[in-house]
Amino acid sequence: MKISKVVVIGSGTMGSGIAAQVANAGINVHLLDLTKDIASNACERIKKSRPPLLMEENNLNLITPGSIENDLECLKDADWVVEAVVERIDIKKTLYSQIDALRKPGAFVSSNTSSIPLSVLTEDMSEEMKEVFCITHFFNPVRYMRLLELVIGKENNKEKINDLVVFGDKILGKTVVVCNDSPGFLGNRVGVYAMQVAMTEAFNLGLSVEEADAVFGRPLGIPKTGIFGLYDLIGIDLMADVLKSFIKELPESDPFHDVGKELPIINKLIKDGYTGRKGKGGFFRMNKSTGVKVLESLNYKNNTYNESKKVDLQLPDVMDINKVLNRKDVYGEYAWSILKKTILYAAALVPNVTENFNDIDDAMKCGFNWSKGPFEILNEIGIENFISKLNNDDHIPPFLKQLMDQSNSLFNVSNNSLEYFHPKKSYTPMSRPAGVISLSDIKKSSNPIYSNSSASIWEISGKSRSLCVEFHTKANALDGLTNDCLMKAYELTSEKYDGIIIANDAMQFSAGVNLNYFYDKAINKQFNEIDKFLNNFQQSLYQLQHANFPVVSCPSGLAIGGGYEVISQTSFIAAHSNSVLGLVESLVGLIPAGGGCKEMLRRWANNSEIKNDPKLLSLKVFNLIGYATTADSPIKAKVHKFLSEQDTIVMSKDRLIEEADNIIFSKKQNYKSLESASLVLPGATVMSEMIDILNQLKDKKIIGQHGVEVGKKLGYMLSGGDTNSSTVLTEQNLYDLEREIFIDLIKQKPTQDRIRHTLDTGKPLFN
Ligand code: NAD
């Protein structure tokens, strides 16, 4: 069934998030609650949400608020009704009988419940409704969390439900994991268990909250909120409710009971109103009592808050599990105890809760933002190594025993395709939704064509035969080695491939050029080295942009600064719906010098708004780059011309490489490379207007003295430098000017101060 009209009942956190994502997909949705006012307020909250739940504000027009009492009739022609009201069985069931009386035959009905079993929800339901009723378990915030668990039971009509699976994947852009009806499904079952282990082990080992979060974070491929930061983010009271429900649902023999019990420290925090970020604080709090904001952390041993100090545990800053596990100190012990217990727990769920261990990996990656799932982590540790590290009293689940007996390997490659160990069928082909090309699967089933410590090249065999360049540094910061990889891919593709795809499966496509590199070179006065680096960067991107084959980049998450300069100089962009694009160099006292200035001028030059007026062109781009503008959705990116009209928007991150492959396949025949641009810019004639703008901003204290200096240099760049309206500038002229001004600025102490400050705090310095 085609889903073109949706009704969401319950307009709280989840209902409003679901309605917003349906609207993002361009579909009409009714959002109902006890009163119309509640639902209208929810729409206001959607509008103001940060990060925004909507890809653009106009999508709000697709959401119609209403009340259950007066507007329930709207579900008569709905194709899908989603219930997201409070977690109360009686309320949900009353609603289902009302829905059943009105819904059109065959329409899907689902609940977003996180803890009530499907079998309980369907107890009193008509047989016909049971066929199409399931649990659609979204994660908060709905636009940004990739996981959608679709829980089905014996009574479902699987063929019909498949339409909802496809809708969740292609239209709503989620990674849909079909689950059995078991407590916590897959994501929360393993994710909440891992959280509880991380918390209780930190208490057992006496680690400070900062120490625990530093280990149970990036070094293990886990978001930097770690455990205590995550507890504060979710809400300490909400976590307590979740635990109660697990304790109630799971048999006493389940190891969850060892880590899910009520803890006095948690009860005290809740009682005192320390429920996390939404309350007075939690394990961390922001103390404003002295007039300055001071981040404090809880010393849970004596119940006091002290200023939070960054701890440097000499841990790797990119995921390196074995390096952490090999440490012979308390941090190595902490990491091992969490990973050991989580892996054993996850393995004990196979085959009864799921027969496919990789579904647990997907659930942890998409629902908890782990870089690798527990089984992928086990694969990295090595099964034999893992088993050898266990104690005598560790219980090895049957699935692991079976693996040890039969092969010791979770994955297998047969005829170049990836298989996984299935407890009933031995090795089984990894099945992905039709069309999906998974980089993570390719990485498990082949060796890179080329690799260095910052980036790798993989062969992609979709409709086209292409190469995929994957960055893999911290936040995918760019450096000389990522550049080498791009150049290597260019050489190889010229010889025998159809095109290049630049994509990766990390949270951020790329947060820009590695600022540490620039800072070190700058304070050592190695400006020639910086110039050489920039020149290489520009030349490689120029080659890619003007190659005689298509190059498609696939941003997802941040593609800013140098990251945006890479994508902006590829022939096509397939952008994920949640990508953030823009040029933010001015914040650190610099200008884009990897072709970003040149590219924005080229993109705006022929726009009707500019009317072929060089002055208007320079001013337009001056405002865009000067304000460090970013667009938090591809739709907004098109308005700023960070994306062009031909670039595509892809709802699902899983489908980016598929889209890139389709583009290369359709364009490779008779592909014509992009011609080199030439531009006419106004030179000094526009500078006085730019200086007026800068002075006004300084008067309003929006920028400081160095802000004016950076603005003037940016203005000089964007007006074409020492040029006039009868001079035609080539792309190379603009590249040269970018480098000249970049070097000029990075020589200055206030720019170096800005870079240092951003590296230390992650925030811009006002100077
Ligand atoms: P919420 O408290 O934010 O919103 C619940 C909404 O239900 C409110 O708008 C309330 O007005 C409405 N409501 C209350 N009584 C009602 C009634 N009798 N009839 C109709 N509406 C009524 O809750 P939430 O966090 O959005 O959770 C909704 C559902 O989603 C729950 O089943 C919850 O378990 C599940 N869930 C929550 C999360 C999460 O992170 N919050 C994640 C996954 C699933």
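Residues numbered from 1 in each chain as written. Predicted model: local features only at pLDDT ≥ 70, side-chain atom pairs only at ≥ 80, totals over all residues. Heavy atoms only, no water.

Q: Honestly, the overall build of the protein chain in this entry has me stumped. Any pointers?
A: Check the secondary structure of the protein chain and you find 32 helices and 26 strands. In terms of C-alpha radius of gyration, the protein chain reaches 27 Å, essentially the compact-globule figure of 27 Å for 767 residues. Expressed as a percentage of its 767 residues, the buried residues of the protein chain come to 57%. In the protein chain, of all internal contacts separated by at least 6 residues, the share reaching a separation of at least 24 is 69%. Split by element, the accessible area of the protein chain, about 32,300 Å² in all, is 49% carbon and sulfur. Charge separation in the protein chain, taken as the distance between the mean sites of 85 positive and 93 negative side-chain charges, equals 3 Å. (Helix = DSSP H or I, 4+ residues; strand = E, 2+ residues; numbered from the N terminus. Rg over C-alpha atoms; globule rule 2.2 N^0.38 Å. Buried < 20%, exposed > 50% of the residue type's maximum accessible area, 1.4 Å probe, protein only. Contact = heavy atoms within 4.5 Å. Areas by Shrake-Rupley, 256 points an atom, 1.4 Å probe, with all protein chains shown as cover. Lys, Arg positive; Asp, Glu negative; His and termini not counted. Charge placed at Lys NZ, Arg CZ, Asp CG, Glu CD.)

Q: Please explain the sheet that holds strand S16 (residues 455–461) as it appears in this structure.
A: Sheet strands associate in pairs through backbone hydrogen bonding, adopting either a parallel or an antiparallel arrangement. Reading across the sheet, the seven strands line up as S15-S16-S17-S18-S19-S21-S24 and stay open at both edges, with mixed pairing between neighbours. The open sheet is flanked by strand S15 (450–451) and strand S24 (648–650), the only strands paired with a single partner. In the sheet, strand S19 (residues 551–553) pairs with strand S21 (residues 572–576) via two bridges, with the strands oriented parallel. By the bridge assignment for S21, Ser553 is matched with Ile573. On top of the sheet, helix H21 (residues 480–496) reaches S15, S16, strand S17 (465–471) and strand S18 (499–502); it is set at about 175° to S17, its chief contact. In the packing of helix H28 (residues 656–667) onto the sheet, the strands contacted are S16, S17, S18, S19, S21 and S24, and the crossing angle to S21 comes to about 160°. (Pairing = 2+ DSSP bridges. Axes fitted to C-alpha atoms, helices over the stretch in contact; angles between N-to-C directions.)

Q: Please clarify how the domain arrangement of the protein chain should be interpreted in this entry.
A: Many authors give the size of an interface as the accessible area that is lost as the parts come together. Taken domain by domain, the protein chain holds domain 1 (5–179), domain 2 (184–405), domain 3 (434–521 + 539–583 + 629–670) and domain 4 (586–628 + 675–767). Distance from the C-alpha centre of domain 1 to the C-alpha centre of domain 4: 47 Å. (Domains from an automatic or database assignment.)

Q: Got a minute to help me understand the pairing of strand S10 (residues 294–299) in this structure?
A: Successive residues of a regular strand alternate their side chains across the two faces of the sheet. As paired strands, strand S9 (residues 284–287) and S10 are joined by four bridges and run antiparallel to one another. Paired with Phe284 across the strands is Ser297, a residue of S10. In this antiparallel pair of consecutive strands, S9 and S10, the connection spans six residues, and Gly291 shows a positive phi of 95°. Linking S10 to strand S11 (residues 304–307), which pair antiparallel, is a turn of four residues; within it Asn303 sits at a positive phi near 60°.

Q: I'm lost on unusual backbone geometry in this one. Help?
A: Residues other than glycine predominantly adopt negative phi, and peptide bonds predominantly adopt the trans conformation. Between Arg50 and Pro51 the backbone carries a cis peptide bond, its omega angle lying at -5°. Structurally, Pro51 is set in the loop between helix H2 (36–48) and strand S3 (63–67). Residues Val350 and Pro351 are joined by a peptide bond in cis, for which omega reads 5°. The topology assignment puts Pro351 in the loop between helix H15 (330–348) and helix H16 (357–367). A positive phi angle, close to 55°, is found at Gln314, a residue other than glycine. Assignment of secondary structure puts Gln314 in the loop between S11 and helix H14 (321–325). Within the chain, Asn670 stands out as a residue other than glycine whose phi angle is a positive 55°. Take Asn670: it is sitting in the loop between H28 and strand S25 (678–679).

Q: Before we go on, may I ask you to explain helix H30 (residues 705–718) in this structure?
A: The α-helix winds at 3.6 residues per turn, so residues separated by three or four positions along the chain end up facing the same way. Spanning 14 residues, H30 covers 20 Å between terminal C-alpha atoms, matching the ideal 20 Å at 1.5 Å per step. Buried within H30 are the following residues: His706, Gly707, Val708, Val710, Gly711, Leu714, Gly715, Met717 and Leu718. Considering only its buried residues, H30 is in contact with helix H25 (596–605), helix H26 (614–626), helix H29 (687–699), helix H31 (731–746) and helix H32 (749–761). Of the residues trailing H30, Gly720 is marked for its positive phi of about 95°. (Expected span 1.5 Å × (residues − 1).)

Q: Teacher, can you tell me more about the site of the ligand here?
A: Near the ligand you find 19 residues, and of these Met14, Asp33, Glu87, Lys92 and Ser114 are the closest. A distance of 3.3 Å separates an oxygen atom of the ligand from a polar atom in the backbone of Gly12. In the model, an oxygen atom of the ligand is placed 2.6 Å from a nitrogen or oxygen of the Asp33 side chain. Contributing elements (two or more residues each) for the shell around the ligand: helix H1 (13–24), helix H4 (89–102) and strand S6 (133–138). Split into classes, the residues belonging to the shell around the ligand amount to eight nonpolar, eight polar and three charged. (Near = heavy atom within 4 Å. Polar contact = N/O pair within 3.5 Å; in protein donor to acceptor, adjacent residues only side chain to side chain. Nonpolar A, V, L, I, M, F, W, Y, C, P; charged D, E, K, R; others polar.)

Q: Please clarify how the pattern of salt bridges should be interpreted in this entry.
A: Where charged atoms from two side chains of opposite charge approach closely, those side chains can pair. Applying the stated criterion across every chain, the model contains 48 salt bridges. In this structure, the salt-bridge partner of Lys5 is Asp77, at a minimum N-O distance of 2.4 Å. With Lys5 in strand S1 (residues 5–9) and Asp77 in the loop between helix H3 (68–71) and strand S4 (80–83), this pair connects stretches of sequence that are 72 residues apart. Its salt-bridge partner being Arg432, residue Asp362 comes within 3.0 Å of it at the nearest N-O pair. (Salt bridge = Lys/Arg side-chain N within 4 Å of Asp/Glu carboxyl O.)

Q: Help me understand the packing of aromatic side chains, please; the structure alone is not making it clear to me.
A: Any aromatic ring pair is given by two values, namely how distant the centres are and how the planes are angled relative to each other. In the structure shown here, the tally under the stated rule is 29 aromatic pairs. Consider the rings of Phe375 and Phe399, whose centres lie 6.2 Å apart with planes at 75°: the pair is edge-to-face. Here Phe375 is found in helix H17 (residues 374–381), whereas its partner Phe399 is found in helix H19 (residues 398–406), with 24 residues between them in sequence. On the basis of relative accessibility, which here comes to 1%, the residue Phe375 falls in the buried class. The residue whose ring lies beneath Lys641 is Trp604, and the NZ or CZ to ring-centre distance is 5.2 Å. (Phe/Tyr/Trp six-rings, centres within 6.5 Å; stacked < 30°, edge-to-face > 60°. Lys NZ or Arg CZ within 6 Å of the ring centre and 35° of its normal.)

Q: Whenever I open this one, the nonpolar core confuses me. Can you help?
A: It is characteristic of soluble globular proteins that their nonpolar side chains tend to be buried jointly. Counting 113 residues, the largest nonpolar core has Ile9 and Phe283 as the members making the most contacts within it. It is H15 that contributes the most residues to this core, eleven residues altogether. When residues are assigned to domains, this core turns out to be shared by domain 1 (5–179) and domain 2 (184–405), each giving three or more. Listed in part, the 79 residues of the second largest apolar core include Leu515, Phe527, Tyr564 and Leu745. (Core = buried A, V, L, I, M, F, W, Y, C linked by side-chain atoms within 4.5 Å.)

Q: Which parts of the structure should I look at to understand the sheet that holds S11?
A: Across the sheet, which stays open at both edges, the three strands sit in the order S9-S10-S11 with antiparallel pairing between neighbours. Only two strands of the sheet have a single partner each, and these edge strands are S9 and S11. Each neighbouring strand pair of the sheet contributes to a mean axis angle of 40°, computed without reference to strand direction. Here S10 pairs with S11 via four bridges, running antiparallel. What sits directly across from Asn299, in S11, is Thr304.

Q: What should I look at first to understand H32 in this one?
A: A rise of 1.5 Å per residue sets the reference length of H32, with its 13 residues, at 18 Å; its end C-alpha atoms lie 18 Å apart and thus fit the reference within 8%. The inward-facing, buried residues of H32 abut helix H22 (515–523), H30 and H31. The positive-phi residue at the C-terminal boundary of H32 is Gly762, with phi of around 80°.

Q: Any chance you could explain the side chain of Asp441 here in plain terms?
A: Residue position: Asp441 is located in helix H20 (residues 439–445). When sequence neighbours within four positions are dropped, the list of residues in contact with Asp441 reads Leu418, Met430 and Arg432.

Q: How should the environment of Arg189 be read in this particular structure?
A: In this structure, Arg189 sits in helix H8 (residues 187–205). Note: C-alpha distance between Arg189 and Met651 (462 residues apart in sequence) is 27 Å. With near-sequence residues (within four places) excluded, Arg189 lies in contact with Ser182, Pro183, Gly184, Phe246, Leu250, Asp254, Tyr345, Leu349 and Val353. Side chain to side chain, Arg189 and Asp254 meet in a polar contact 2.7 Å long.

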